[in-house]
Structure formats: structure tokens, C-alpha cells
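# Structure assessment
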Amino acid sequence: MSATLTTDDAGVIDFSGTAPVPFGRLVKVELRKMFDTRAGLWLGIITGVLIVLAMVIPLVVIALNDDVSISATIFITQIMTVPLSLLVPVFAITAVTSEWGQRTGLVTFALEARRSRVILAKLVVIVILAVATIALAVGLGALGTALGGVISGESPVWNLSLGVLAWVLGQQLAYFLMAFAFGLLLLSTAGAVSIYYVIALLLPLMVWGPLYGIFSWGQDVVPWFDLGFAMMPFVMGEPTSGDDYARVLVTATVWVVLPLALGLRRVLRAEVK
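Residues numbered from 1 in each chain as written. Predicted model: local features only at pLDDT ≥ 70, side-chain atom pairs only at ≥ 80, totals over all residues. Heavy atoms only, no water.

## A word on the UniProt feature "transmembrane region" (unreviewed entry) in the chain
Applied cut-off: UniProt positions are given in the numbering used here, feature names are shortened, and annotations may be inferred rather than shown by experiment. Runs of E in the DSSP output that reach at least two residues are strands. Runs of H or I that reach at least four are helices, and both are numbered from the N terminus.
Per the UniProt record, the feature "transmembrane region" (unreviewed entry) sits at residues 41–64, 70–97, 118–144, 164–187, 194–215 and 245–264. Helix and strand shares over residues 41–64 are 100% and 0% respectively, and the end C-alpha atoms of the span are 35 Å apart. The straight-line gap between the two end C-alpha atoms of residues 118–144 is 39 Å; of that span, 100% is helix and 0% is strand.

## Digging into the packing of helix α3 (residues 72–86) against helix α7 (residues 162–186)
Stated formally: Axes here refer to lines fitted to C-alpha atoms; in helices the fit is confined to the stretch in contact. Angles between the N-to-C directions go from 0 to 180 degrees. For classification purposes, angles smaller than 35 degrees are called roughly parallel, those larger than 145 roughly antiparallel, those between 65 and 115 roughly perpendicular, and all remaining angles oblique. Note on convention: the crossing is left-handed when the near helix lies turned anticlockwise from the far helix by less than a right angle, right-handed when the turn is clockwise. In this description, contact between two residues means that some pair of their heavy atoms is separated by no more than 4.5 Å. Under this grouping Gly is polar, as are all residues other than the nonpolar Ala, Val, Leu, Ile, Met, Phe, Trp, Tyr, Cys and Pro and the charged Asp, Glu, Lys and Arg.
At a minimum axis distance of 11 Å, the contact between α3 and α7 shows a crossing angle of 20°. The orientation of α3 relative to α7 falls into the category roughly parallel. Of the two elements, α3 crosses α7, and the hand of that crossing is right-handed. In contact with Thr77, Thr81, Leu84 and Ser85 of α3, α7 contributes Val164, Val168, Gln172 and Phe176. Classifying every residue of the contact of α3 with α7 gives four nonpolar, four polar and no charged.

## Structural notes on the nonpolar core
Taken as a class, soluble globular proteins show a tendency for nonpolar side chains to be buried jointly. Test applied: Only buried residues count toward a nonpolar core. Its members are Ala, Val, Leu, Ile, Met, Phe, Trp, Tyr and Cys residues joined through side-chain atoms within 4.5 Å. Using a 1.4 Å probe on the protein chains alone, a residue whose accessible area is under 20% of its type maximum counts as buried, one over 50% counts as exposed, and one in between counts as partly exposed.
Ranked by size, the top nonpolar core spans 64 residues in total, and within it Met34, Met80, Ile126, Met178, Phe180, Tyr196 and Leu227 carry the most contacts. Those residues in contact with methionine 34 that lie beyond four places of it in its chain are Gly40, Phe91, Ala95, Val125, Ile126 and Leu129.

## Remarks on the layout of surface pockets
We apply this condition: Think of a 1 Å grid over just the protein atoms. A cavity is a set of points where a 1.4 Å probe fits yet cannot get out, a pocket is an open set with protein on both sides within 12 Å along at least five of seven lines, and lining residues have an atom within 4 Å of a point. Grid points are joined across faces, edges and corners, and a volume is the space filled by probe spheres set on the points.
Taken as a whole, the largest pocket encloses approximately 650 Å³ of empty space. In this structure, the largest pocket is lined by 21 residues; those nearest its centre are Gln171, Tyr175, Ala200, Pro204 and Gly228. A class-by-class count of the residues in the lining of the largest pocket yields 13 nonpolar, seven polar and one charged.

## Some points on the side chain of threonine 47
Inspection of the secondary structure puts threonine 47 in helix α2 (residues 38–64). Ignoring any residue separated from it by four or fewer positions in sequence, one finds threonine 47 in contact with Leu87 and Val88.

## Observations concerning helix α4 (residues 89–101)
Where we set the bar: To estimate the expected span of a helix, subtract one from its residue number and multiply by 1.5 Å. One fitted axis covers the seven residues ending at a residue, a second covers the seven starting there, and the bend at that residue is the angle between these axes.
Under the 1.5 Å per step criterion, the end-to-end length of α4 is 18 Å for 13 residues, consistent within 8% with the ideal 18 Å. A maximum bend of about 35° is found in α4 at alanine 95. In terms of burial, α4 is a largely internal element, 11 of the 13 residues being buried. The positive-phi residue at the C-terminal boundary of α4 is arginine 103, with phi of around 60°.

## Quick word on the pattern of salt bridges
For clarity, the cut-off: A carboxyl oxygen of Asp or Glu within 4 Å of a side-chain nitrogen of Lys or Arg is what we treat as a salt bridge.
All told, the structure shown has seven salt bridges when counted by the stated rule. Taking the shortest distance from any N to any O, the salt bridge between glutamate 30 and lysine 122 comes out at 2.7 Å. With a gap of 92 residues between them, glutamate 30 in helix α1 (residues 23–35) and lysine 122 in helix α6 (residues 115–152) connect regions that are remote in the sequence. Residue lysine 122 is classed as buried on the basis of its relative accessible area, which comes to 2%. The partner of arginine 114 in a salt bridge is glutamate 112, and the shortest N-O contact between them spans 3.5 Å. Judged by relative accessible area, arginine 114 falls into the partly exposed class, the value being 31%. Each of the salt bridges in this network shares a partner with another, and the network as a whole consists of Glu30, Lys33, Glu99 and Lys122.

## A short note on unusual backbone geometry
In this structure, leucine 187 is a non-glycine residue whose phi angle is positive, near 55°. A relative accessible area of 13% means that leucine 187 is categorised as buried.

## Description of the packing of aromatic side chains
Defined as follows: Pairing of aromatic side chains requires ring centres within 6.5 Å, counting the rings of Phe and Tyr and the six-membered ring of Trp. Pairs whose planes differ by under 30 degrees are stacked, by over 60 edge-to-face, and all others tilted.
What the rule picks out here adds up to eight aromatic pairs. When the centroid spacing of 5.2 Å and the interplanar angle of 45° are considered together, the rings of phenylalanine 35 and phenylalanine 91 count as tilted. With a gap of 56 residues between them, phenylalanine 35 in helix α1 and phenylalanine 91 in helix α4 connect regions that are remote in the sequence. On the basis of relative accessibility, which here comes to 3%, the residue phenylalanine 91 falls in the buried class. Considering the side-chain rings of phenylalanine 234 and tyrosine 245, the 4.9 Å spacing of their centres and the 65° angle between planes classify their relative orientation as edge-to-face. Here phenylalanine 234, found in helix α10 (residues 227–235), pairs with tyrosine 245, found in helix α11 (residues 242–269); they are 11 residues apart in sequence, far enough to count as distant. An aromatic cluster is built from Trp167, Phe234 and Tyr245, whose rings are joined through pairwise contacts.

Here you go:
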């Protein structure tokens, strides 16, 4: 790429006439950066192994117990999505924090000074990765449902509707964006990963879950604080109301939109060292 730079009397370099880096090239670079490190490669391998194990283990249980049968809804929405929520969002975090933790931001933002375009390219890559891994999980879930029927000798239960599948995709994508937002906000891999696991995993298991299951008021209160519980009626295909949509809107705003906006503001204003 050639550029014509001019310097004014104040010594400020003017690159307004320089053609920007093609956005497609930025996306390809960010996608390659996710897996060209040893950590990224092994994280991808481990995630793939966990997804396969998530399909195989229920089949072993079905083979050992004749009374067990698993429908497509349970296989896909409750079993196959677990590995996605555990490890893959770490990619969304490291996509941002690596620029600051490994100090590659000096090169990245020197080659493309418009930081918003770089962040948008990272976001596009995260969405592509999320959709690809969810599609893999859904495909393996469907395969597991079919194999479960063969093993048990019963007809598979194909009870997964397109509406529920769309909400599963939306829920997992929301978790990816949440992780990405925390990475932007904290610019620290350890901090963002810790906060993400506390909010997306520990709190639902250790706090929100017991409150939801033990106390009658928990079913009304908890979905206003946790994204997973807010989306539960849609993911499980249960009857919904206007309050259910309001809970999704509130939790998505608190855990995704607000951190994303604050994180983007921080990255655009932060000093690159």
C-alpha cells in the first residue's frame, strides 16, 4: 500500500489522503491471530475435544441404561452448548486483551490508526467463530440424537423447533459478546476471564440457581439479574410473556451492551504503550 503523507507547519503528519486498509484484510488478519499462537491453537483443540466428549458421554449413558433417552432439545440446548459457554468465549477475550498484554497494539494501531475499524474486525471474527462453533455443536447434537435412538432401539425424539434453535444461537452469541465486552473494558486477560466466569458460571451455579430453586420469589427476581435465567423460557420452549422479553432486554443491556459501550470508549481513548 502506498501513501502520500504531508507535514504541516506544526509538524503534524496528515494521513487523511491515505487509503484505509481493506476491511476484509483486517478480518483475515484477526482470524489468523486467534490461532497462530500456541495458546490459541491448544485452546481450540481442547474445545473441540470437549465438544466431542459432550456428545459421546450421553451415548455411553444411554448404552449402559435402557431407561435413559435424550431428546434433541436436551441434547442440543443443555448438553452440547456447555463446552461453548466454558472455553470458546476465552477467544473473544484474548482477541482484545492480547493487543495490550503482549504489546502488539503498537503494531496493530500503527498499521491501522482507526481503532474502531480494528475493533469492528475483531467483533466480526468473534461472531463468525461463535456461529461456526454453535453450528458444529448443533450438528453433533443432531448426530448424537440419531445415534442415541439407534443405541436404545427407540425412535429419536426430534422436538427442537426453529424458534428454540434461534434462541439457543442468540444466547450463546450473547455470552460471546459479553466476554468480548469484558475484554474491551478491562484490557486484561486474567481479569476479563475471571469476571466472565464469575458472572456466566459461578453466580448461576452457586447463587442464582439456589435462589431460583428454593425460594418462590427467586423465579420472579433472578431472571432480572442473570442472562441465562432470563433466556431460559425461550431456550426451553416454554410459554412466554411480555415480562420475559423485558428480562432479556434488561439483562442483555446490563451484561452486554453497557460493558461493550464502556469498553469501546476506553479502547478508543487509551494510550497505547
